[in-house]
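Summary of the model geometry
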Amino acid sequence: MLSRRTFLAMAAAGLIGPQKRPVEMVVRSTRPEDLEMPLSGFDDYITPVEHFFVRTHVPVPKVDLAQWRLTVDGDVSTPLTLSMDDLRKMPSGEVVSVLECAGNGRQNYNPPVPGVQWANGAVGNGRWRGVRLADLLRRAGLKSGGMEILFDGADTPPGTMPDFQRTIPLKKALHSATLLAYEMNGEALPAKHGFPLRAVVPGWAGDSWMKWVTSVRVMNEEFKGYWMKSAYLHPGNAVAPGTLVAPEAMRPVTSLRVKNVISFPADGAGVEIGKRILVRGAAWSGDKGPVTAVDVSVDHGRTWGSASLTGKPSQFGWRLWEFPWTPSIEGHHALFARARDASGDVQPLAQEWNPSGYLWNVVARVEVDAGTNPNLASSIDRGSPVAPPSNFRATCLACHDDGLILQQRLTRAQWDRELNKMMQWGARVTPEDRGTLLDYLEKFRP
Ligand SMILES: Nc1nc2c(c(=O)[nH]1)N[C@H]1C(S)=C(S)[C@@H](COP(=O)(O)O)O[C@H]1N2
Ligand SMILES: [Mo]
């Protein structure tokens, strides 16, 4: 049996083929489900549902379509209660758009921050169809005082965790690409992705893309719920790595930043001298305009060449790119790829740190070994976990599994704050248990 890592490295190095590689999702958590798309997912223009990343704060709600209704209320002249049939009778819009979690790439931040430790794959490119939010708001008779739109979904939080409710400003809500979608890639929206209806907010990070939508409310003042005021915040200005940032200095995460991922060759793969390969990847951006170029370096950033972008320009979809390379020098090579958007923004060489590890978009980098025998793929030994204390299961695994916990890379002080947060949400940690739990948690390294 090959390990998954060795298999992927061999497949990436072209040692297994030509049959289509099986695509396995990277499981970051099973309960609630957080699934990451593996690198091979960046080879598809439209990400198939079975490879699309999943991010859920709480278990997927069961929705009975016969009972399901969407309400549109708040600062409108005619509040609406609509069934799916009513929605399907309205004119529909379609958009191809990247959906990326704000925390995609969190794994790269140092010092580490709490949260799902995504590598590159909390992102996918979908084809979304549904009603334009602007049409719906017009139908309800939007009044002039409307400031922002509050979405709520059918999911219910465990313990005393605040309900997942999010707002977007009216201007973004009225953009013609902003949808309430009932279809993904030409089929009914799957349960994990928000059946029967989800917000599609092209160019913006995933936290605005409310799933299982049941309520749209026009607000004439700023909504101050937990998920707007204590989560999905980013410092307005750069801060020193590892510092605690005052909430007043934070701004909501909105637009994605120009970004790209090298999907081939894989980091650590072997490549063969004299054999031409196509270095490839996917690039996308946010509100500032579509991707216009991707530059690639195969010599540690000394010289750069232009990759060819395949497919058509797209405002919100990603662009696949490729760059031919024939390794000629034996040894270790660093490959870089840097995307540019229509506003002239390029990916940075280093990232400003932020307390939640959002919006990672550093120039993509992989390192490969060129030799006459391409089977140089390295594998990383993560070591074996430390055994958990006896109080761990009862205290910590009631609402989620240990995947969410054991992937963190936190200090004792950071774990101490995590325990406080969990206690606010209903975890019961006795003063006697606290020390034992912290001893265990701080030792663990994924
Ligand atoms: N109701 C609800 N909507 C939600 C979430 C959630 O937990 N509950 N997660 C959000 C986050 S943080 C992201 S990144 C996207 C993920 O969408 P996906 O699972 O379809 O990829 O859904 C968003 N919508
Ligand atoms: Mo997210």
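Residues numbered from 1 in each chain as written. Chains lettered and ligands numbered in written order. Predicted model: local features only at pLDDT ≥ 70, side-chain atom pairs only at ≥ 80, totals over all residues. Heavy atoms only, no water.

A short note on unusual backbone geometry
The amide bond that connects Arg31 to the next residue, Pro32, takes the cis arrangement and shows omega of -5°. Tracing the backbone through its elements, the reader meets Pro32 in the loop between strand S1 (26-30) and strand S2 (33-36). The peptide bond linking Asn110 to Pro111 adopts the cis configuration, its omega dihedral lying at -5°. Residue position: Pro111 is located in the loop between strand S6 (93-100) and strand S7 (123-132). (Helix = DSSP H or I, 4+ residues; strand = E, 2+ residues; numbered from the N terminus.)

Some words on the side chain of Asp341
Here Asp341 is to be found in strand S23 (residues 331-341). Among buried charged residues, Asp341 stands out as having no salt bridge; its nearest opposite-charge side chain is Lys288, 6.1 Å away. In this structure Asp341 touches Val258, Ser285, Lys288, Gly289, Pro290, Val291 and Thr292, once residues within four positions along its chain are discounted. (Buried < 20%, exposed > 50% of the residue type's maximum accessible area, 1.4 Å probe, protein only. Lys, Arg positive; Asp, Glu negative; His and termini not counted. Salt bridge = Lys/Arg side-chain N within 4 Å of Asp/Glu carboxyl O. Contact = heavy atoms within 4.5 Å.)

Quick word on the pairing of S2
Where S1 and S2 come together, four bridges link them in antiparallel fashion. Bridged to Thr30 within S2 is Glu33. Bridge count for S2 against strand S3 (residues 54-55) is two bridges, and the pairing is antiparallel. Residue Leu35 lies in a different strand from S3, and its bridge partner there is Val54. (Pairing = 2+ DSSP bridges.)

Let's talk about the domain arrangement of the protein
Assigned domains within the protein: domain 1 (4-12 + 381-442), domain 2 (37-252) and domain 3 (259-371). The straight-line distance from the C-alpha centre of domain 1 to that of domain 2 is 28 Å. Each side of the interface is counted separately: domain 1 has 13 residues, and domain 2 has 18 residues. In this assembly, domain 1 packs against domain 2 so that about 1,200 Å² is buried in total across both faces, 52% of it on carbon and sulfur atoms. On the domain 1 side of the interface with domain 2, the three residues burying the most area are Gln407, Arg409 and Trp425, jointly 53% of the side's total. For the pair domain 1 and domain 2, the interface holds zero salt bridges. The element best represented in the side of domain 1 that touches domain 2 is helix H8 (residues 412-424), accounting for five residues. A breakdown of the residues in the side of domain 1 that touches domain 2 according to their chemical character gives four nonpolar, five polar and four charged. (Domains from an automatic or database assignment. Buried area = accessible area lost by both parts, 1.4 Å probe. Nonpolar A, V, L, I, M, F, W, Y, C, P; charged D, E, K, R; others polar.)

Details of the side chain of Gln408
Inspection of the secondary structure puts Gln408 in the loop between helix H7 (403-406) and H8. Of the residues examined, Gln408 reaches a relative accessible area of 7% and is grouped as buried. Here the side chain of Gln408 touches Leu404 through a polar contact of 2.7 Å, landing on its backbone oxygen. (Polar contact = N/O pair within 3.5 Å; in protein donor to acceptor, adjacent residues only side chain to side chain.)

Considering the sheet that holds S23
Here we have five strands laid out as an open sheet, ordered S17-S24-S23-S19-S20, and mixed in their pairing. Of all strands in the sheet, those with a lone pairing partner are strand S17 (270-272) and strand S20 (305-306), marking the two edges. By the bridge criterion, two bridges tie strand S19 (residues 291-297) to S20 in an arrangement that is antiparallel. Of the residues in S20, the one forming a bridge with Asp295 is Ser306.

Here's the deal with the sheet that holds strand S9 (residues 165-169)
A sheet is described by the order of its strands in space; here five strands give the open sequence S5-S4-S13-S8-S9, paired in mixed fashion. Of all the strands in the sheet, just strand S5 (80-82) and S9 have a single pairing partner and so form its edges. With direction set aside, neighbouring strand axes in the sheet form an average angle of 15°. Alignment of strand S4 (residues 70-74) against S5, held across three bridges, turns out to be antiparallel. Across the sheet, the residue bridging to Val72 is Leu80, located in S5. (Axes fitted to C-alpha atoms, helices over the stretch in contact; angles between N-to-C directions.)

Observations concerning the site of ligand 1
By nearness alone, 18 residues border ligand 1, and His57, Asp155, His193, Arg198 and Lys211 come closest of all. Lys211 places a polar side-chain atom, nitrogen or oxygen, 2.5 Å from an oxygen atom of ligand 1. In isolation ligand 1 offers 540 Å² of accessible surface; the protein chains occlude 100% of this area. The site holding ligand 1 turns out to be the largest cavity. Class assignment for the residues of the shell around ligand 1 results in nine nonpolar, three polar and six charged. (Near = heavy atom within 4 Å. Areas by Shrake-Rupley, 256 points an atom, 1.4 Å probe, with all protein chains shown as cover. 1 Å grid on protein atoms, 1.4 Å probe; cavity = no way out; pocket = protein on both sides within 12 Å on 5 of 7 lines; lining within 4 Å. Sits in = over half its atoms within 2 Å of the grid points.)

Structural notes on the pairing of strand S24 (residues 364-371)
Both S17 and S24 contribute to a ladder of three bridges, which runs parallel. Along S24, the bridge assignment pairs Val271 with Ala370.

Some thoughts on the packing of aromatic side chains
Scanning all chains against the criterion turns up 17 aromatic pairs. Seen from their ring centres, Trp128 and Trp209 are 5.5 Å apart, and the 70° between their planes marks the pair as edge-to-face. Of this pair, Trp128 sits in strand S7 while Trp209 sits in the loop between strand S12 (198-200) and strand S13 (213-219); the two residues are 81 residues apart in sequence, bridging distant segments of the chain. According to the relative accessible area criterion, Trp128 is buried, its value standing at 0%. Since its relative accessible area comes to 1%, Trp209 is described here as buried. Aromatic side chains Trp227 and Tyr232 sit 6.3 Å apart centroid to centroid with 35° between the ring planes, which places their arrangement in the tilted category. Across the pair, exposure class does not vary: Trp227 and Tyr232 are buried alike. The side chain of Arg338 reaches across the aromatic face of Trp304, ending 4.8 Å from its centre. (Phe/Tyr/Trp six-rings, centres within 6.5 Å; stacked < 30°, edge-to-face > 60°. Lys NZ or Arg CZ within 6 Å of the ring centre and 35° of its normal.)

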